[in-house]
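Working through the structure, step by step
One-letter residues, chain by chain:
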Amino acid sequence: MLVLGIESSCDETALAVVEDGHKVLVSLVASQVAQHLPFGGVVPEVAAREHLKMLSPMLEELKVKLGWNSLAKIDAISVTQGPGLIGALLVGVAFAKGLSASLKKPLVPVNHVHAHIHGALLGVAQEQRTQYPVLALVVSGGHTNLYRMTSPLDFQLVASSIDDACGECFDKVAKIFGLSYPGGPEIERLAKTGHSKKVVMPRMVDEKSRLEFSYSGLKTFMANLYHREDKPISAERMGDIASAFQEEALGQIARKLRRAFEIFPDTKAVLIAGGVAANSRFRSMLQEVLPCPALFPPLDYCSDNAAMIAALGYHTLQSPQFSLNQDWDAYSRYDFDQFRIKK
Ligand code: KG4
Ligand code: ZN
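A brief structural summary. What you see is a predicted model; the values in this text were computed from it and never measured.

1. Topic: the site of ligand 1
- What surrounds ligand 1 is a group of 20 residues, the closest being G141, D171, E188, G275 and N279.
- Interatomic distance of 3.0 Å between a backbone N/O atom of G184 and an oxygen atom of ligand 1.
- In isolation ligand 1 has 550 Å² of accessible area, and contact with the protein removes 87% of it.
- Secondary structure elements with two or more residues in the shell around ligand 1: α4 (112-119), α6 (166-176) and α7 (183-191).
- Considered class by class, the residues forming the shell around ligand 1 number four nonpolar, twelve polar and four charged.

Rendered as structure tokens:
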């Protein structure tokens, strides 16, 4: 089954065609980083207008890449319904609804955060892809959510951040220190040049009984650290600060995952998804501490992309609960509590 995925929730316009939920035929991503860079963060109005500009030409490019002169071979279309920037989402949803009507193909709305998890399974061998239960972690600019899954659509929320998301903390700390946007890759680059032990860091939400994540205290600590530092901060010192911050920001997740593993000892693998999954120190840290395989997406599918949207769309279509009701619209926020495991 071929599913066309459409993603427009934030600052990447993306289209992809995926076969049977895992084989990516084509994946196109147009990043808007250059448009938002002068503002130091994503400007929602600019994002929506960029999606509007990019979607039609990207669809043409997709057909050229596939060697198709029509989209007749597509079995279904899947689109990000939310969460995200409402103006940006509305552009993608309106585009998808129009395409679905004109091609007479079913349209599947999907949750962007859950789709990230399916991004982590793209390119993974069949034996590993079908092994459940798993723990799945989405670490992005908007979410730090840990799920237990016993099947592809069973998203049981185990823990989430009680305040800022992990990627958001990277971005905000980078901004405080005058680094460029997005902050995550910039902090990772600097961290490679420093020594984490040279800066004394606090340990956030360290109680063993708590699985929730928290990043606002760490952000405040970093803001205070910045104000205490002699200016200008030398390149060597900046490397040490970035390295110490990165160890604590990611180490918190490693500690919580180990604890989650004690609660769910039947876990067969841990899937790590979202933009922060691109971080190479995060990858090595988790491979070291976890007693089971940690599956990371190929780098192209860590940050926002449409292959993950098509993959989740495929699984949704297989569900007996799925109905082709067209009475739905984009949503900017989502009540993830409905997925939370009851204690
Ligand atoms: O999943 P994503 O592309 O978009 C959202 O849905 O939020 O995640 C973007 C986030 C940003 O906060 C960015 O700074 C962070 O992922 N990020 C990283 C790295 N690459 C991207 N954080 C740490 N290290 C990286 N290498
Ligand atoms: Zn995302």
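Okay, back to it.
2. Describing the packing of aromatic side chains
- Under the defined criterion, the tally for this structure stands at eight aromatic pairs.
- Residues F282 and F296 carry aromatic rings whose centres are separated by 6.2 Å and whose planes lie at 75 degrees to one another, so their mutual orientation is edge-to-face. Of the two residues, F282 sits in helix α10 (residues 280-289) while F296 sits in the loop between β10 (294-295) and α11 (307-318), which places them 14 residues apart along the sequence.
- According to the relative accessible area criterion, F282 is buried, its value standing at 0%.
- Judged by relative accessible area, which is 12%, F296 ranks as buried.
- Taken together, the ring pairs in this structure connect Y331, Y334, F336 and F339 into an aromatic cluster.
- In this structure, K97 packs its charged tip against the face of W328, placed 4.5 Å from the ring centre.
- Cation over ring: K231 sits above Y226, and NZ or CZ is 4.5 Å from the ring centre.

3. Digging into the pattern of salt bridges
- As enumerated under the stated definition, the model contains 19 salt bridges in all.
- The salt bridge involving R237 is made with E229; its shortest N-O contact spans 2.7 Å.
- On the accessibility criterion, R237 (25% relative accessible area) is partly exposed.
- Residue E262 is joined to R259 by a salt bridge in which the shortest nitrogen-to-oxygen separation is 3.1 Å. With E262 and R259 both in helix α9 (residues 235-263) and three residues apart, this pair spans about one turn of that helix.

4. A closer look at the coordination of the zinc ion (ligand 2)
- Bound to the zinc ion (ligand 2) are the protein donor atoms H112 (NE2), H116 (NE2) and D304 (OD), situated 2.0 to 2.1 Å from the metal.
- Coordination at the zinc ion (ligand 2) comes from four donor atoms whose angles at the metal span 94 to 139 degrees, giving a geometry best classed as irregular.
- Between consecutive donors of the zinc ion (ligand 2), the numbers of intervening residues give the motif H-x3-H-x187-D. In this pair, H112 is assigned in helix α4 and D304 in the loop between β10 and α11, connecting sequence segments 192 residues apart. When sorted by exposure, H112 lands in the same class as D304, which is buried.

5. Considerations on the sheet that holds strand β9 (residues 269-273)
- With respect to topology, five strands assemble into an open sheet ordered β8-β7-β6-β9-β10, the strand pairing being mixed. What marks the edges here is a single partner per strand, and that holds for β8 (156-159) and β10.
- Here strand β7 (residues 144-149) pairs with β8 via three bridges, running antiparallel. Bridge pairing links Y147 to L157 in β8.

6. Examining the packing of α6 against α7
- Between α6 and α7, whose axes approach to 7 Å, the crossing angle comes to 70 degrees. Judged by the angle between their axes, α6 and α7 are roughly perpendicular. Residue-level contacts link F170, D171, V173 and A174 of α6 to G183, G184 and I187 of α7.
- The residue makeup of the contact of α6 with α7, split by class, is four nonpolar, two polar and one charged.

7. Quick word on the pairing of strand β2 (residues 12-19)
- Along β2, seven of the eight residues are buried, which leaves the element largely enclosed by surrounding structure.
- In terms of strand pairing, strand β1 (residues 2-7) meets β2 through six bridges, oriented antiparallel. If you follow E7 over to β2, its bridge partner there is A14.
- Between the antiparallel neighbours β1 and β2 lie four residues.

8. As for helix α2 (residues 44-66)
- An ideal rise of 1.5 Å per residue puts 33 Å on 23 residues; α2 measures up with 31 Å between its terminal C-alpha atoms.
- Along α2, the sharpest kink reaches roughly 35 degrees, centred on L55 and followed within four residues by the proline P57.
- For α2, the set of buried residues is A47, A48, E50, H51, L55, M58, L59, L62, K63 and L66.
- Each element contacted by the buried residues of α2 is listed here: β1, β2, β3 (23-31), α1 (33-36) and α3 (86-103).
- Just downstream of α2 lies G67, where phi reads positive at about 70 degrees.

9. Looking at the nonpolar core
- In this structure, I272 and F282 are the most contacted members of the largest nonpolar core, which totals 52 residues.
- Elements that contribute at least two residues to this core include exactly β6 (134-139), β8, α6, α7, α8 (216-228), α9, β9 and α10.
- Element by element, the count of residues in this core is highest for α9, at twelve residues.
- Setting aside chain neighbours within four positions, we find F282 in contact with L137, V139, L250, I253, I272, V276, A277 and F296.

The rules we used
Residues numbered from 1 in each chain as written. Chains lettered and ligands numbered in written order. Predicted model: local features only at pLDDT ≥ 70, side-chain atom pairs only at ≥ 80, totals over all residues. Heavy atoms only, no water. Near = heavy atom within 4 Å. Polar contact = N/O pair within 3.5 Å; in protein donor to acceptor, adjacent residues only side chain to side chain. Areas by Shrake-Rupley, 256 points an atom, 1.4 Å probe, with all protein chains shown as cover. Helix = DSSP H or I, 4+ residues; strand = E, 2+ residues; numbered from the N terminus. Nonpolar A, V, L, I, M, F, W, Y, C, P; charged D, E, K, R; others polar. Phe/Tyr/Trp six-rings, centres within 6.5 Å; stacked < 30°, edge-to-face > 60°. Buried < 20%, exposed > 50% of the residue type's maximum accessible area, 1.4 Å probe, protein only. Lys NZ or Arg CZ within 6 Å of the ring centre and 35° of its normal. Salt bridge = Lys/Arg side-chain N within 4 Å of Asp/Glu carboxyl O. Donors = N, O, S within 2.8 Å, 3.2 Å for Na, K, Ca; no water. Tetrahedral: all angles 85-135°; square planar, octahedral: opposite > 155°, others 65-115°. Pairing = 2+ DSSP bridges. Axes fitted to C-alpha atoms, helices over the stretch in contact; angles between N-to-C directions. Parallel < 35°, antiparallel > 145°, perpendicular 65-115°, else oblique. Contact = heavy atoms within 4.5 Å. Expected span 1.5 Å × (residues − 1). Bend = angle between axes of the 7 residues up to and from the residue. Core = buried A, V, L, I, M, F, W, Y, C linked by side-chain atoms within 4.5 Å.

Treat this as a map of the structure, not an account of what it does.
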